[in-house]
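Listed below, chain by chain, are the residues.
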Amino acid sequence: MGEWQTFLKEAQQYLNAGRGKEGKPSRLSSDIRYNLLSLSIEKSCMAILLYHNDLADNHTFIDLLRSIAPYVQISGEIHDELAALEQVQSICNLYEYHREKPSEEVVERLRNVAVLLNRHAKETCGRKTGTYSVPD
């Protein structure tokens, strides 16, 4: 398994863990789910980048989006949403570390973005190999 494939697999695993089971409340705190979904976003972006033999400039959400821009079209709405969500726990920012407990609403919004980026990663990386299908 190549590096991008490992990142894509891990992105799905983090996403599954962060969103929990359908129709059941998660036993994990909002902090833990936020972090799992953040890892899913990072892994999805890194899969896209590694698939194209590229790397991210940094690992903030916005840096990751900027890095994948040559390979994937992300709407301005998603960009703005992720920029807002990044402010909840800005832990990768070298100059302005900030962390607060995310609300359930924030976790749900982050889950929606994580699902979208995971789908983009599967579509992008699956073009060449046909290995991955994109679930609804």
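Look above for the structure.
For clarity, every value in this text was computed on a predicted model and none was experimentally measured.

**Student:** What's the story with the overall build of the chain in this structure? I'm lost.
**Tutor:** Along the backbone of the chain there are five helices and two strands. The helix and strand sequence of the chain, counted from the amino end, reads α-α-α-α-β-β-α. The buried share among the 136 residues of the chain stands at 43%. Counting contacts in the chain only where the partners sit at least 6 residues apart, residues at least 24 apart contribute 60% of the total. Per element, the accessible surface of the chain, about 7900 Å² overall, is 48% carbon and sulfur.

**Student:** Looking at this structure, how should I read the side chain of Thr 60?
**Tutor:** Mapped onto the fold, Thr 60 is located in the loop between helix H2 (30–51) and helix H3 (61–68). For Thr 60, a relative accessible area of 11% puts it in the buried group. Within the structure, the side chain of Thr 60 is placed 2.7 Å from the side chain of Asp 63, a separation counted as a polar contact.

**Student:** How should the pattern of salt bridges be read in this particular structure?
**Tutor:** As a working rule, side chains carrying opposite charge can pair if their charged atoms are close by. Applying the stated criterion to the full structure yields six salt bridges. Ionic pairing is found between Arg 66 and Asp 63, a salt bridge with its closest N-O pair at 3.5 Å. With Arg 66 and Asp 63 both in helix H3 and three residues apart, the pair spans about one turn of that helix. Residue Arg 66 is classed as exposed on the basis of its relative accessible area of 56%. On the accessibility criterion, Asp 63 (16% relative accessible area) is buried. With a shortest N-O distance of 3.3 Å, Arg 109 and Glu 105 are connected by a salt bridge. Placement of the pair is Arg 109 and Glu 105 together in helix H5 (residues 104–129), with a separation of four residues, close to one helical turn. Note on Arg 109: relative accessible area 22%, which makes it partly exposed.

**Student:** How should the packing of H2 against H3 be read in this particular structure?
**Tutor:** What describes two packed helices is the angle between their axes and the distance between those same axes. Two elements in contact, H2 and H3, have axes whose closest approach is 9 Å; the angle formed by their N-to-C orientations is 20°. Put simply, H2 runs roughly parallel to H3. Considering the relative orientation of H2 and H3, their crossing is left-handed. Contacts between H2 and H3 pair Tyr 34, Ser 38, Ile 41, Glu 42, Cys 45, Met 46, Ile 48 and Leu 49 from the former with Phe 61, Leu 64, Ser 67 and Ile 68 from the latter.

**Student:** Whenever I open this one, H3 confuses me. Can you help?
**Tutor:** Note that an α-helix has 3.6 residues per turn; residues three or four places apart therefore point the same way. In terms of residue burial, H3 counts as a mostly covered element, since seven of its eight residues are buried. Those residues of H3 that sit buried are Phe 61, Ile 62, Asp 63, Leu 64, Leu 65, Ser 67 and Ile 68.

**Student:** Explain the packing of aromatic side chains to me, please; I cannot follow it from the model alone.
**Tutor:** Under the defined criterion, the tally for this structure stands at one aromatic pair. For the ring pair Trp 4 and Tyr 51, a centre distance of 5.0 Å and an interplane angle of 85° mean the geometry is edge-to-face. Taken together, the positions of Trp 4 in helix H1 (residues 3–19) and Tyr 51 in helix H2 put the pair 47 residues apart, joining distant regions of the chain. Of the residues examined, Tyr 51 reaches a relative accessible area of 17% and is grouped as buried. The ring of Phe 7 has Lys 43 lying over it, and the distance from NZ or CZ to the ring centre is 4.6 Å.

**Student:** How should the packing of H1 against H2 be read in this particular structure?
**Tutor:** One way to put it is that H1 packs onto H2 with a least axis distance of 7 Å and a crossing angle of 160°. Considering the angle they form, H1 stands roughly antiparallel to H2. Regarding H1 and H2, the two cross each other, and that crossing is left-handed. Across the interface between the two elements, Glu 3, Trp 4, Phe 7, Leu 8, Glu 10, Ala 11, Tyr 14, Leu 15, Ala 17, Gly 18 and Arg 19 of H1 pack against Arg 33, Leu 36, Leu 37, Leu 39, Ser 40, Lys 43, Ser 44, Met 46, Ala 47, Leu 50 and Tyr 51 of H2. Split into classes, the residues belonging to the contact of H1 with H2 amount to 14 nonpolar, three polar and five charged.

Conventions used here
- Residues numbered from 1 in each chain as written.
- Predicted model: local features only at pLDDT ≥ 70, side-chain atom pairs only at ≥ 80, totals over all residues.
- Heavy atoms only, no water.
- Helix = DSSP H or I, 4+ residues; strand = E, 2+ residues; numbered from the N terminus.
- Buried < 20%, exposed > 50% of the residue type's maximum accessible area, 1.4 Å probe, protein only.
- Contact = heavy atoms within 4.5 Å.
- Areas by Shrake-Rupley, 256 points an atom, 1.4 Å probe, with all protein chains shown as cover.
- Polar contact = N/O pair within 3.5 Å; in protein donor to acceptor, adjacent residues only side chain to side chain.
- Salt bridge = Lys/Arg side-chain N within 4 Å of Asp/Glu carboxyl O.
- Axes fitted to C-alpha atoms, helices over the stretch in contact; angles between N-to-C directions.
- Parallel < 35°, antiparallel > 145°, perpendicular 65-115°, else oblique.
- Left-handed = near helix turned anticlockwise from the far one by under 90°.
- Phe/Tyr/Trp six-rings, centres within 6.5 Å; stacked < 30°, edge-to-face > 60°.
- Lys NZ or Arg CZ within 6 Å of the ring centre and 35° of its normal.
- Nonpolar A, V, L, I, M, F, W, Y, C, P; charged D, E, K, R; others polar.

No statement about biological role is implied by the geometric values presented.
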